[in-house]
Amino acid sequence: MRQAAPATAAFVPPRRILMGPGPSDVPQRVLEAMARPTIGHLDPAFQAMMEELKVLLRYAFQTENRLTFPVSGPGSVGMELCLVNLVEPGDEVVVCVNGVFGARMLEIVRRCGGVPVVVQDPWGRAVDVNKVEDALRAHPKARLVTFVHAETSTGAQSDAAALAAVAQRHGALTVMDCVTSLGGTPVLIDAWGIDAAYSGSQKCLSCTPGLAPVTFSERAVERVRARATPVQSWFMDLNLVLGYWGGEGRRTYHHTAPINPLYGLHEALRMLAEEGIEQAWARHRAMHEALKAGLAGLGLQFVVPESERLPQLNAVFVPTGVDDAAVRARLLQEFDLEIGAGLGEYAGKVWRIGLMGHACRRENVEYCLQALQRVLARH
Ligand SMILES: *Cc1c(COP(=O)(O)O)cnc(C)c1O
């Protein structure tokens, strides 16, 4: 017996305004780029686009690192790729944890056989640089420091420049998560001296999910080359991936690149370059200020102290007596507006309002504030 063909209709998603922790709204230009004809991943025309993509990513990361490219996979794959390549079994690694994503880095470091030295900070706060320095003093053999620049689970921003400086003073390399910061708030890989960083396509870059831009300094590349043990992941082994992304003019098959999403990322990065990265940072800052004023007017309290707040991820406490899930459901059903729920410790207690990339516009700030006001008035 054969299975009967299921009868279905084409999936036509509703139009939403995405003001959560990602994905953010994808501009029509990016969607149109993705609808262009698929060509081969070794086609010379495609390879020329790949080279431009690397140049555009170097601009976004503010780096001259040769090894800068988009990994095929979501931000989590970028995280895993950085760690599986830079952590060898037995390595001491200082892991900063101040939210969900720091805890995820810790889990991966453990799975790589690393020996984590955890620097724990409270949820809603930046990583404490002094505690990191103490950890490095107590563990002089630590080879790596990992931290999340923009902790999307809480809306806290850490001082990446200071963390990188401390790591350098103690001879450790740095791995930085800049999934939510890239394109929304300054990320200065070279000026700060970050050794490896990964991001995601769907947050402030406003492309579709599924690609993870990464960049590695020369020191980080040397560390990977000098490994005593092979990288335990075949797919994420940089030495192999580079046969495709590294070798200008002599590329070989590693895996089939996600052709059309890469067209989308190319277009999204072109839009960032057209706007100018400083202007993009200033826009996120200005829209955050406008949203902050409106949220204060609604009596909503921010989770993070002002000096440690991320402009693009605004976490506020759900007022007492208000049903978190019911409010979010109303916003979605009546206003086609998505805001984020709390994660982990903050589940049910916090809303996360994203102002990321293309969604970070004055009309969205006003729309979100009006929608929240109407829905809260009913509670
Ligand atoms: C979203 C996010 C990730 C994970 O990205 P995915 O694309 O969901 O895998 C990692 N770190 C931070 C800080 C994030 O905000």
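Residues numbered from 1 in each chain as written. Predicted model: local features only at pLDDT ≥ 70, side-chain atom pairs only at ≥ 80, totals over all residues. Heavy atoms only, no water.

Q: Quick one: what's the story with the domain arrangement of the protein chain, residue by residue and with numbers?
A: By domain assignment, the protein chain separates into domain 1 (17-22 + 277-377) and domain 2 (28-273). Using C-alpha coordinates to define each centre, domain 1 is positioned 27 Å away from domain 2. With 25 residues of domain 1 at the interface, the matching set in domain 2 holds 29 residues. Roughly 2,200 Å² is buried in total at the junction of domain 1 and domain 2, and carbon and sulfur atoms are behind 61% of that figure. When the buried area of domain 1 at its contact with domain 2 is split by residue, Ile277, Trp281 and Glu308 rank highest and sum to 30% of it. (Domains from an automatic or database assignment. Contact = heavy atoms within 4.5 Å. Buried area = accessible area lost by both parts, 1.4 Å probe.)

Q: Before we move on, can you summarise the packing of aromatic side chains with the specific residues and values?
A: Counted under the stated rule, the structure contains five aromatic pairs. Members of the aromatic cluster, each reached through a chain of ring pairs, are Phe69, Tyr244 and Trp245. The ring centre of phenylalanine 302 lies 4.0 Å from the NZ or CZ of arginine 309, which sits over that ring. (Phe/Tyr/Trp six-rings, centres within 6.5 Å; stacked < 30°, edge-to-face > 60°. Lys NZ or Arg CZ within 6 Å of the ring centre and 35° of its normal.)

Q: Before we move on, could you go through the pattern of salt bridges and cite the residues and values that matter?
A: Where side chains of opposite charge bring their charged atoms close, a pairing between them can arise. Enumeration according to the criterion identifies 23 salt bridges in this entry. Sharing partners across several salt bridges, the network here consists of Arg29, Glu267, Arg270 and Glu274. (Salt bridge = Lys/Arg side-chain N within 4 Å of Asp/Glu carboxyl O.)

Q: Help me get a handle on the sheet that holds strand β13 (residues 350-354), residues and values and all.
A: One open sheet holds the four strands; their spatial order is β1-β12-β13-β11, and the pairing between them is mixed. What marks the edges here is a single partner per strand, and that holds for β1 (17-19) and β11 (313-317). Direction aside, neighbouring strands of the sheet carry axes that sit 30° apart on average. In this sheet, β13 lies alongside strand β12 (residues 337-341) in antiparallel orientation, the contact comprising two bridges. Its bridge partner being in β13, glycine 340 is matched across the sheet by arginine 352. Across the sheet, helix α13 (residues 362-377) touches β1, β12 and β13, and the angle it forms with β1 is around 85°. (Pairing = 2+ DSSP bridges. Helix = DSSP H or I, 4+ residues; strand = E, 2+ residues; numbered from the N terminus. Axes fitted to C-alpha atoms, helices over the stretch in contact; angles between N-to-C directions.)

Q: How would you summarise the pairing of β13 if you had to cite specific residues and measurements?
A: Of all five residues making up β13, five are buried, and the element is well covered by its neighbours. The pairing of β11 with β13 spans five bridges and is antiparallel. Following the sheet pairing, phenylalanine 317 is matched in β13 by valine 350. (Buried < 20%, exposed > 50% of the residue type's maximum accessible area, 1.4 Å probe, protein only.)

Q: Explain the site of the ligand to me, using residue names and the numbers behind them.
A: Close contacts around the ligand come from Pro74, Gly75, Ser76, Phe101, Val148, Ala150, Thr152, Asp177, Val179, Thr180, Gln202 and Lys203, and that covers them all. Separating an oxygen atom of the ligand from a side-chain N or O atom of serine 76 is a distance of 2.5 Å. Relative to its unbound accessible area of 380 Å², the ligand is 88% covered by the protein chains. Its residues placed into classes, the shell around the ligand shows five nonpolar, five polar and two charged. (Near = heavy atom within 4 Å. Polar contact = N/O pair within 3.5 Å; in protein donor to acceptor, adjacent residues only side chain to side chain. Areas by Shrake-Rupley, 256 points an atom, 1.4 Å probe, with all protein chains shown as cover. Nonpolar A, V, L, I, M, F, W, Y, C, P; charged D, E, K, R; others polar.)

Q: Just give me the short version of the packing of helix α3 (residues 75-86) against helix α4 (residues 100-111), but keep the residues and values in it.
A: Packed helix pairs are specified by the crossing angle of their axes together with the interaxial distance, meaning the distance between the axes. Where α3 contacts α4, the two axes come as close as 10 Å, and the packing angle between them is 45°. When the axis of α3 is compared with that of α4, the two are oblique. For α3 against α4, the interelement crossing comes out right-handed. Residues Ser76, Met79, Glu80 and Leu83 of α3 form the contact with α4, whose own contacting residues are Phe101, Arg104, Met105, Ile108 and Val109. Residue classes in the contact of α3 with α4 are distributed as six nonpolar, one polar and two charged. (Parallel < 35°, antiparallel > 145°, perpendicular 65-115°, else oblique. Left-handed = near helix turned anticlockwise from the far one by under 90°.)

Q: A description of the nonpolar core should follow, citing residues and the corresponding values.
A: Grouped together as the largest cluster of nonpolar side chains are 97 residues, with contacts concentrated most on Val132, Met176 and Phe216. The element contributing the most residues to this core is helix α2 (residues 44-61), with eight residues. When residues of this core are assigned to domains, at least three map to each of domain 1 (17-22 + 277-377) and domain 2 (28-273). Residue contacts for phenylalanine 216: discarding those within four places in its chain leaves Asn65, Leu67, Leu81, Cys82, Leu86, Asp195, Ala196, Val221 and Leu238. In this structure, Leu355, Cys368, Leu372 and Leu376 belong to the second largest nonpolar core, which totals 25 residues. (Core = buried A, V, L, I, M, F, W, Y, C linked by side-chain atoms within 4.5 Å.)

Q: An account of the side chain of arginine 227 is needed here, citing residue identities and associated values.
A: Residue position: arginine 227 is located in the loop between α8 (218-225) and α9 (238-245). Not counting residues up to four positions away in its chain, the partners in contact with arginine 227 are Val84, Asn85, Leu86, Val87, Glu88 and Pro89.

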